[in-house]
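# Residue-level structure breakdown
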Amino acid sequence: NEPAISAEALSRRFGEDVLALDGVSLTVPTGTVLGLLGPNGAGKTTAVRILTTILKPTAGSARVLGLDVTTHAEELGGALESRLASRAARLARSG
């Protein structure tokens, strides 16, 4: 069973001086909930932006729903949007 999210040595630099994410690796099994906790500037938002294809990683790799976040960004973005819309509709129906 493939994990919902997997990342290996994920990093992101902004310019020469700012290392926003430094070699993060994680695996999130399908059907689980992940919480990212840490102080301001720890890289939480940067990690989420990479995993949702808003940003490209400077180094490392990540897969979400079995799709690589860099080589399948457009397809993954559509899949995430579809799942979020489906969940929002279910929540609206349930009250």
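Below: a short report on this structure. All figures in this text were calculated on a predicted structure; none of them were measured in a lab.

### So, the side chain of Thr46
Secondary-structure assignment places Thr46 in helix 1 (residues 44–51). Judged by relative accessible area, which is 12%, Thr46 ranks as buried. When neighbours within four sequence positions are excluded, Thr46 is seen to be in contact with Arg12, Phe14, Ala20, Leu21 and Leu55.

### Some thoughts on a nonpolar patch on the surface
Residues Leu34, Leu36 and Val48 make up a contiguous nonpolar surface patch of about 220 Å² in total accessible area. Val48 sits in the partly exposed class, given a relative accessible area of 38%.

### A few points about the pattern of salt bridges
If you walk through the whole model with that rule in mind, you get one salt bridge. For Arg63, the salt bridge is made with Glu2, and the minimal N-O distance between the two is 3.8 Å. Of this pair, Arg63 sits in strand 3 (residues 59–64) while Glu2 sits in the segment before strand 1 (5–14), placing them 61 residues apart in sequence. Judged by relative accessible area, Glu2 falls into the partly exposed class, the value being 45%.

### Topic: the pairing of strand 1
With seven bridges connecting them, strand 1 and strand 2 (residues 18–28) associate as antiparallel partners. Looking at strand 2, one finds that Ala7 is bridged to Leu26. Between the antiparallel neighbours strand 1 and strand 2 lie three residues, among them Gly15 with a positive phi of about 70°. Inspection of the sheet shows strand 1 paired to strand 3 by five bridges, in the antiparallel sense. Residue pairing in the sheet places Glu8 in a bridge with Ser61 of strand 3.

Cut-offs and rules
Residues numbered from 1 in each chain as written. Predicted model: local features only at pLDDT ≥ 70, side-chain atom pairs only at ≥ 80, totals over all residues. Heavy atoms only, no water. Helix = DSSP H or I, 4+ residues; strand = E, 2+ residues; numbered from the N terminus. Buried < 20%, exposed > 50% of the residue type's maximum accessible area, 1.4 Å probe, protein only. Contact = heavy atoms within 4.5 Å. Patch = residues over 30% accessible without salt bridge, like charges linked within 9 Å, V, L, I, M, F, W, Y side chains within 5 Å. Areas by Shrake-Rupley, 256 points an atom, 1.4 Å probe, with all protein chains shown as cover. Salt bridge = Lys/Arg side-chain N within 4 Å of Asp/Glu carboxyl O. Pairing = 2+ DSSP bridges.

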